[in-house]
Amino acid sequence: MLIILLPLRLLGTVHQVTIGKMAFVDAFFCVCATITTLGYGDESLFSRTERSFAVYWILFSTISLALFFLYVAELRIERRLRALLKWVLAFKMTHEDLEAQA
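A. Expanded view of a nonpolar patch on the surface. On the surface, Ile77, Leu81, Leu84, Trp87, Val88, Phe91, Met93 and Leu98 cluster together into a nonpolar patch covering about 870 Å² of accessible area. Per element, the largest residue contribution to the nonpolar patch is five residues, and it comes from helix H3 (residues 48-90). Along the chain, Trp87 falls in helix H3. Trp87 sits in the exposed class, given a relative accessible area of 54%.

Below, the structure is given as structure tokens:
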């Protein structure tokens, strides 16, 4: 997923530098703020070209970031489930474990 996020950040930064006439640091900040929070409002897109680009770029970038966090969460849950499975399979069950408690 990082393979998708990095080019999207680069694409957004290059677009802001070339079309939006922003400094590189400002463009990178705008890109990161937009991907993570949909912006703070301190940088705006003025031209129709910038806004047209931003509609699709924001959509793909935000979804990609959400998928990245989903995959990280899935990996964490998978590790916990593997540990639980190991414990269950290693558990030595006895007859007392199967008897009903009164």
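B. Up close: the packing of aromatic side chains. Counting across every chain of the model gives four aromatic pairs. The interplanar angle of 15° and the centroid separation of 6.2 Å between the aromatic rings of Phe53 and Trp57 together place this pair among those described as stacked. Of the two residues, Phe53 and Trp57 both sit in helix H3, four residues apart, roughly one turn of that helix. Assessed through its relative accessible area of 22%, Phe53 is described here as partly exposed.

C. Representation of the nonpolar core within the structure. Within the largest apolar cluster, six residues are counted, these being Leu5, Leu8, Val31, Ile35, Trp57 and Leu65. Counting residues per element, the ones that place at least two in this core are helix H1 (2-18), helix H2 (24-37) and H3. When sequence neighbours within four positions are dropped, the list of residues in contact with Leu5 reads Ser61, Ser64, Leu65 and Phe68.

D. Layout of the pattern of salt bridges. Scanning the entire structure with this criterion turns up one salt bridge. In this structure, Arg82 engages Glu78 in a salt bridge whose closest nitrogen and oxygen atoms are separated by 2.4 Å. Taken as a pair, Arg82 and Glu78 lie in helix H3 at a separation of four residues, close to a single helical turn.

E. Representation of H3 in the model. Its 43 residues place the ends of H3 63 Å apart at the C-alpha level, agreeing with the 63 Å of an ideal helix rising 1.5 Å per residue. Of all bends in H3, the biggest is about 25°, found at Ala54. Regarding H3, the residues found buried are Glu50, Ala54, Trp57, Ser61, Ser64 and Leu65.

F. Expanded view of unusual backbone geometry. Here Lys21, not a glycine, exhibits a phi torsion of approximately 60°, which is positive. Following the sequence through the fold, Lys21 ends up in the loop between H1 and H2. Note on Lys21: relative accessible area 68%, which makes it exposed.

The rules behind these values
Residues numbered from 1 in each chain as written. Predicted model: local features only at pLDDT ≥ 70, side-chain atom pairs only at ≥ 80, totals over all residues. Heavy atoms only, no water. Patch = residues over 30% accessible without salt bridge, like charges linked within 9 Å, V, L, I, M, F, W, Y side chains within 5 Å. Areas by Shrake-Rupley, 256 points an atom, 1.4 Å probe, with all protein chains shown as cover. Salt bridge = Lys/Arg side-chain N within 4 Å of Asp/Glu carboxyl O. Helix = DSSP H or I, 4+ residues; strand = E, 2+ residues; numbered from the N terminus. Buried < 20%, exposed > 50% of the residue type's maximum accessible area, 1.4 Å probe, protein only. Phe/Tyr/Trp six-rings, centres within 6.5 Å; stacked < 30°, edge-to-face > 60°. Core = buried A, V, L, I, M, F, W, Y, C linked by side-chain atoms within 4.5 Å. Contact = heavy atoms within 4.5 Å. Expected span 1.5 Å × (residues − 1). Bend = angle between axes of the 7 residues up to and from the residue.

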